[in-house]
Amino acid sequence: MSDVVILGAGISGHTAALHLSRLLGRQHRITVVSPNSNWNWIPSNIWVGVGKMSKKDVVFPLAPIYRRKGIEFVQAKAVAIRPHGDADSERPAVDIVHTSAAGAGREQRIRYDYLINATGPQLRFGATEGLGPEHGNTVSVCTADHAIAASERLHEVIDKCRAGEHQTLVVGMGHGTCTCEGAAFEYVFNVDNELREAGVRDMARVVYLTNESELGDFGVGGMTFNDKGFQTTSELWTASLFRERGVEAVLGAHVERVEPGTVHFETLDGEHHSLAYDFAMLLPPFSGVPLAAYDRDGTDITSGLFAPSGFMKVDADYSGKPYEQWSAADWPKTYQAQGFDNIWAVGIAFAPPHQISRPRTSANGTPITPSPPRTGMPSGVMGKTVALTIADRISKGPMAVAHQASMADMGAACVASAGANLRTGSAAAMTMMPVVPDYSRYPTGRDLRETRGELGLSGHWVKLMLHHLFIYKAKGLPGWHLIPE
Amino acid sequence: MPDNPPIPVADLSRAPLPTEAMQRYRRNPVVQTWKFAVFNARIMRMVLKGKH
């Protein structure tokens with residue numbers, strides 16, 4: 001019997017767990033370690049953040065699903081990996097600290113034969129002074145609870161607009177190195193929609209504050225589309241939406257600090273600015289969760305397994321080449337950790353070899369450039385790919401060839417809601433293929449037949465359909481595996 | 001309330017605005033049902049083409 005341990009139960013970890021359960025049956029032990037007892041369909045937090053959905057619409061408990069699937073669930077956070085074992089045993093192990101109400105703080109060491117690191121991001125609100133809902137002055141939609149607080153604050157602001165007070169709402173990125181611009185883009189247009197539905201749009205100034213150097217970058221360097229016989233860009237297409245909705249955009253911005261009612265930021269030209277606000281939803285930068293690694297004798301080998309950012313180093317090219325020499329081939333294919341054939345990192349947990357957007361620094365040397373997104377569809381594909389590799393290694397032997405899923409070969413759909421209503425809603429629906437542009441295969445970096453952008457009501461229907469489909473899939477209900485990642 | 005000093009808001013005055021016909025097109029249930037089907041077919045084709 002083999003022990004497979006999965007750290008994290010987000011999209012990639014949970015997908016890996018479900019596929020392993022399907023592929024391995026109950027002859028092998030699959031254990032999921034996650035500090036959270038619930039699964040959250042994070043893309044729909046946007047709708048919780050404007051009050052269109054409740055927490056129960058986007059969250060469900062993991063334990064009953066895992067019980068049904070024969071997966072062991074441990075509510076705990078991993079704190080250290082011991083890939084060569086410890087003084088007691090050569091078997092690799094993970095140190096965990098329980099987080100459930102009953103066992104909070106209890107430490108445990110669990111052994112594994114195969115390990116998947118799917119720990120996701122650490123939300124680094126602390127990277128910017130005054131950022132965040134707990135110790136800062138801004139709201140967030142990163143978790144369902146954050147989104148509930150954001151919705152409450154938004155509706156207070158809407159009430160003030162109704163009372164005749166002009167309000168300024170700022171939505172965007174809380175640091176120059178943030179990722180997930182698509183989420184902020186989506187939220188700003190849902191806020192705009194909410195203000196319109198309340199009949200107070202004329203009382204509100206809405207500002208999108210982003211680290212992207214141009215609109216439509218989305219951390220993937222923007223996209224080129226074919227449109228009615230012309231090649232157009234995601235920049236033009238996105239700018240059109242901002243102009244149509246009257247949303248102001250501030251580009252190439254690094255938020256330096258947030259005081260109550262004022263956000264201070266630096267722009268690429270090195271200038272410093274201040275903007276007074278009544279409502280601010282600013283996303284935090286991400287890092288890997290704090291995980292150490294130790295050798296058998298207790299020697300710290302963390303820097304061998306993890307990049308300084310805390311993300312795990314996998315089969316990618318981390319040589320730090322200049323931007324002009326970056327290529328699609330630098331991106332990982334198997335997600336196997338460097339130096340270990342039984343550890344993988346998937347989703348946000350793997351260290352990207354470099355940005356996808358062109359890296360930029362301000363005139364003062366401050367990095368202001370989006371980090372590469374690796375959430376949603378690619379995360380799920382990575383989870384499934386590693387599950388297939390592990391299942392092969394267990395059933396065919398340790399030499400079984402690893403399955404591959406490079407972000408330079410896979411496509412992704414990004415559906416950014418711009419108003420939630422079945423008859424009057426709208427969304428910017430984009431597909432790109434591949435996620436990481438490959439200029440050796442495509443003049444524009446991507447396949448123009450598959451890379452498209454459309455605005456309209458159908459995009460909202462797609463977003464709503466994906467919400468229901470992925471929650472159905474995540475619950476492991478009959479036929480779940482037929483729904484693609 | 002004007003910013004003092006002003007913040008560098010991007011100039012979007014040259015971005016194309018949709019015509020009324022385009023806005024109707026984006027909300028037309030028949031057109032959008034077709035678009036919905038095409039978008040889903042494209043996602044499926046992309047999933048099948050992806051080397052994974």
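Nothing here was measured: the structure is a model prediction, and the numbers come from that model. (Residues numbered from 1 in each chain as written. Chains lettered and ligands numbered in written order. Predicted model: local features only at pLDDT ≥ 70, side-chain atom pairs only at ≥ 80, totals over all residues. Heavy atoms only, no water.)

Moving on to the domain arrangement of chain A. Residues and elements named next belong to chain A. Assigned domains of chain A: these are domain 1 (3-123 + 287-364 + 371-396) and domain 2 (125-285 + 410-482). In this structure, domain 1 and domain 2 have C-alpha centres spaced 26 Å apart. Taken together, the contacts link 47 residues of domain 1 with 63 residues of domain 2. Here domain 1 meets domain 2 over a buried area of about 4300 Å², counting both sides, of which 66% is carbon and sulfur. Considering only the surface of domain 1 that becomes buried against domain 2, I46, W47 and L123 emerge as the three largest contributors, covering 17% of it. Seen at the junction of domain 1 and domain 2, the total is three salt bridges. Scanning the region where domain 1 abuts domain 2 turns up 27 residue pairs in polar contact (both at pLDDT 80 or more). (Domains from an automatic or database assignment. Contact = heavy atoms within 4.5 Å. Buried area = accessible area lost by both parts, 1.4 Å probe. Salt bridge = Lys/Arg side-chain N within 4 Å of Asp/Glu carboxyl O. Polar contact = N/O pair within 3.5 Å; in protein donor to acceptor, adjacent residues only side chain to side chain.)

Residues and elements named next belong to chain A. Position of N211 relative to the elements: it lies in the loop between β11 (204-209) and β12 (224-227). Owing to a relative accessible area of 0%, N211 belongs among the buried residues under this scheme. In this structure the C-alpha to C-alpha distance between N211 and R29, which are 182 residues apart in sequence, comes to 44 Å. For N211, the contacting residues outside a window of four places in its chain are M173, H175, G176, T177, C178, E181, G252, A253, I368, T369 and P370. Among the polar contacts made by the side chain of N211, one reaches the main-chain carbonyl oxygen of C178 at a distance of 3.1 Å. (Helix = DSSP H or I, 4+ residues; strand = E, 2+ residues; numbered from the N terminus. Buried < 20%, exposed > 50% of the residue type's maximum accessible area, 1.4 Å probe, protein only.)

Before going further, it helps to spend a moment on the packing of helix α10 (residues 457-474) of chain A against helix α2 (residues 29-49) of chain B. Remark: α10(A) packs on α2(B), axes separated minimally by 8 Å, with the N-to-C direction vectors making an angle of 50 degrees. Relative to α2(B), the element α10(A) lies oblique. Pair α10(A) / α2(B) crosses with right-handed handedness. On the side of α10(A), the interface is formed by L457(A), S458(A), W461(A), V462(A) and M465(A), while α2(B) contributes P29(B), Q32(B), T33(B), K35(B), F36(B), F39(B) and N40(B). Residue composition of the contact of α10(A) with α2(B), by class: seven nonpolar, four polar and one charged. (Axes fitted to C-alpha atoms, helices over the stretch in contact; angles between N-to-C directions. Parallel < 35°, antiparallel > 145°, perpendicular 65-115°, else oblique. Left-handed = near helix turned anticlockwise from the far one by under 90°. Nonpolar A, V, L, I, M, F, W, Y, C, P; charged D, E, K, R; others polar.)

All names here are of chain A. With respect to the secondary-structure elements, H98 resides in strand β6 (residues 93-98). Engagement of the side chain of H98 in a polar contact is seen with the side chain of Q108, the distance being 2.7 Å. Residues contacting H98, with those up to four places away along its chain left out, are V74, Q75, A76, G103, A104, G105, R106 and Q108.

Turning to the pattern of salt bridges, a few remarks are in order. Residue and element names in this part refer to chain A. All told, the structure shown has 34 salt bridges over all chains when counted by the stated rule. Across the salt bridge formed by D95 and R82, the nearest N and O atoms sit 2.9 Å from each other. Taken together, the residues span a long stretch of sequence, with D95 in strand β6 and R82 in strand β5 (residues 72-82) at a distance of 13 residues. For the residue pair D95 and R82, the accessibility class agrees, reading buried in each case. Residues K463 and E186 are paired through a salt bridge, measuring 2.5 Å at the closest nitrogen-oxygen approach. Residue K463 is found in helix α10, and its partner E186 is found in helix α6 (residues 181-197); the two are separated by 277 residues along the sequence. Connected through shared salt-bridge partners, R82, D86, D95, R109 and R111 make up one network.

The next point concerns helix α5 (residues 144-162) of chain A. Residue and element names in this part refer to chain A. Compared with the 27 Å implied by 1.5 Å per residue over 19 residues, the 27 Å span of α5 between its first and last C-alpha is a close match. Restricting attention to buried positions, one finds in α5 the residues A144, H146, A147, A150, S151, L154, V157, I158 and C161. Summarising the axial view, the buried residues of α5 lie within an arc of 135 degrees, below the 170-degree limit, and thus occupy one face. Count one or two residues on from α5 and you reach G164, which has phi positive near 95 degrees. (Expected span 1.5 Å × (residues − 1). Arc of directions from axis to C-beta.)

Residues and elements named next belong to chain A. Tallied over the entire structure, the rule returns one cavity of 30 Å³ or more. A volume near 150 Å³ is recorded for the largest cavity. Surrounding the largest cavity, 15 residues form its lining, I11, T15, W39, F470 and K473 being those nearest its centre. In terms of residue count, the dominant contributor to the lining of the largest cavity is helix α1 (residues 11-24) (four residues). Looking at the lining of the largest cavity residue by residue, the classes come out as eight nonpolar, five polar and two charged. Looking at the lining of the largest cavity, you find at least three residues from each of domain 1 (3-123 + 287-364 + 371-396) and domain 2 (125-285 + 410-482). (1 Å grid on protein atoms, 1.4 Å probe; cavity = no way out; pocket = protein on both sides within 12 Å on 5 of 7 lines; lining within 4 Å. Points joined across faces, edges and corners; volume = space filled by probe spheres on them.)

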